[in-house]
Amino acid sequence: MEYPLEEKIGIPDLLIGREKEFAMFDKWISLIPDKASKSRVILARRKSGKTSFIQRIFNRLWLANGQVIPFYYDIPDQKKWYPDFAIEYFCAFASQYISFLERDSRLIRKPLLLEEIREYGESKNDPFLISTVDSLREYKKMEHYGTMWDLAASAPHRFASQTETRFLVILDE
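Examining the packing of helix H3 (residues 82–102) against helix H6 (residues 127–141)
Each pair of packed helices can be summarised by the angle the axes make with each other and by the distance between the axes.
Part 1 of the reasoning: Between H3 and H6, the least distance of the axes is 11 Å, while the angle of their chain directions is 170°. In terms of axis orientation, H3 runs roughly antiparallel to H6. Counted together, Pro83, Asp84, Ile87, Phe90, Ala94 and Ile98 of H3 and Leu129, Thr132, Val133, Leu136 and Lys140 of H6 form the full contact between these two elements.
Part 2 of the reasoning: Considered class by class, the residues forming the contact of H3 with H6 number eight nonpolar, one polar and two charged.

A closer look at the pattern of salt bridges
Part 1 of the reasoning: Using the criterion set out here, one finds eight salt bridges in the structure.
Part 2 of the reasoning: The salt bridge involving Glu102 is made with Lys124; its shortest N-O contact spans 3.6 Å. Linking Glu102 in helix H3 with Lys124 in the loop between helix H5 (114–123) and H6, this pair joins segments that are 22 residues apart in sequence.
Part 3 of the reasoning: When the shortest N-O distance is used, the salt bridge between Arg118 and Asp134 registers 2.6 Å. Of this pair, Arg118 sits in helix H5 while Asp134 sits in helix H6; the two residues are 16 residues apart in sequence, bridging distant segments of the chain.
Part 4 of the reasoning: According to the relative accessible area criterion, Asp134 is partly exposed, its value standing at 30%.

Considering the packing of aromatic side chains
Part 1 of the reasoning: Evaluated as defined, the whole model comprises 19 aromatic pairs.
Part 2 of the reasoning: Consider the rings of Phe71 and Tyr73, whose centres lie 6.4 Å apart with planes at 35°: the pair is tilted. The two residues Phe71 and Tyr73 agree in class, both being buried.
Part 3 of the reasoning: Taken together, the ring pairs in this structure connect Phe71, Tyr73, Tyr82, Phe85, Tyr89, Phe90, Phe93, Tyr97, Phe128, Trp149, Phe159 and Phe167 into an aromatic cluster.
Part 4 of the reasoning: Above the plane of the ring of Phe25 lies Arg40, whose end atom (NZ or CZ) is 5.6 Å from the centre.
Part 5 of the reasoning: The ring of Trp62 is capped by Arg103, whose NZ or CZ atom sits 4.0 Å from the centre of that ring.

Examining the pairing of strand S2 (residues 166–172)
Part 1 of the reasoning: Within S2, five of the seven residues are buried, which leaves it mostly tucked inside the rest of the structure.
Part 2 of the reasoning: Two strands pair when backbone bridges link them, and strand S1 (residues 68–74) and S2 are joined in this way by seven bridges, in the parallel orientation. Within the sheet, the bridge partner assigned to Tyr73 lies in S2 and is Leu171.

Thoughts on helix H1 (residues 19–30)
Part 1 of the reasoning: Across its twelve residues, H1 extends 16 Å between first and last C-alpha, which sits within 8% of the 16 Å expected from 1.5 Å per residue.
Part 2 of the reasoning: Considered for burial, the residues of H1 that qualify are Phe22, Phe25, Trp28 and Ile29. When H1 is viewed along its axis, its buried side chains cluster within an angular range of 125° and face the same direction. Projecting away from the buried face of H1 at angles above 90 degrees are the exposed residues Glu19, Lys20 and Lys27.

With respect to unusual backbone geometry
Part 1 of the reasoning: In this model, Glu143 sits at a positive phi of 60°, which is unusual for a non-glycine residue.
Part 2 of the reasoning: Mapped onto the fold, Glu143 is located in the loop between H6 and helix H7 (145–153).
Part 3 of the reasoning: You can call Glu143 exposed: its relative accessible area is 55%.
Part 4 of the reasoning: Of note, the phi angle at Glu164 is positive, near 60°, even though the residue is not glycine.
Part 5 of the reasoning: The residue Glu164 is located in the loop between helix H8 (155–163) and S2 in this model.
Part 6 of the reasoning: Looking at Glu164, the relative accessible area reads 62%, which means it is exposed.

Conventions used here
- Residues numbered from 1 in each chain as written.
- Predicted model: local features only at pLDDT ≥ 70, side-chain atom pairs only at ≥ 80, totals over all residues.
- Heavy atoms only, no water.
- Axes fitted to C-alpha atoms, helices over the stretch in contact; angles between N-to-C directions.
- Helix = DSSP H or I, 4+ residues; strand = E, 2+ residues; numbered from the N terminus.
- Parallel < 35°, antiparallel > 145°, perpendicular 65-115°, else oblique.
- Contact = heavy atoms within 4.5 Å.
- Nonpolar A, V, L, I, M, F, W, Y, C, P; charged D, E, K, R; others polar.
- Salt bridge = Lys/Arg side-chain N within 4 Å of Asp/Glu carboxyl O.
- Buried < 20%, exposed > 50% of the residue type's maximum accessible area, 1.4 Å probe, protein only.
- Phe/Tyr/Trp six-rings, centres within 6.5 Å; stacked < 30°, edge-to-face > 60°.
- Lys NZ or Arg CZ within 6 Å of the ring centre and 35° of its normal.
- Pairing = 2+ DSSP bridges.
- Expected span 1.5 Å × (residues − 1).
- Arc of directions from axis to C-beta.

This is the structure in structure tokens:
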């Protein structure tokens, strides 16, 4: 199996014994295209394999190249300026979205910059990417930082609504 998202577990073969959990999540994921799945949270004590499990789900979905596009974001445990966080989140989302479309796993490991995302949007005539990048820049100039975050955080939902695609947003904190 290819691993577009490097798993924190180290050697991927170390993730074993989760067949029941993967089967349950596979069933849940299969309902996403029909909008029949509700949000899920994985709670467990520290060092129990949560991150490895969700990274494997991402890798499996990305490789399947099916109807559900995975988006994985690891929320850093550090203070971050709100506008920078919004831009970083959107760049991660857009890069993984483009990565999935283009089947280029390098974009998962090194997200594109706003300008590169805009250039891609122009080359593919994608108004959603172009307008989101332009709006983020404009809101930053106007110091509307909360609006920047709202725009970035809603990107997966807005893109799904406009393009009739489905995203699985995986937030790891």
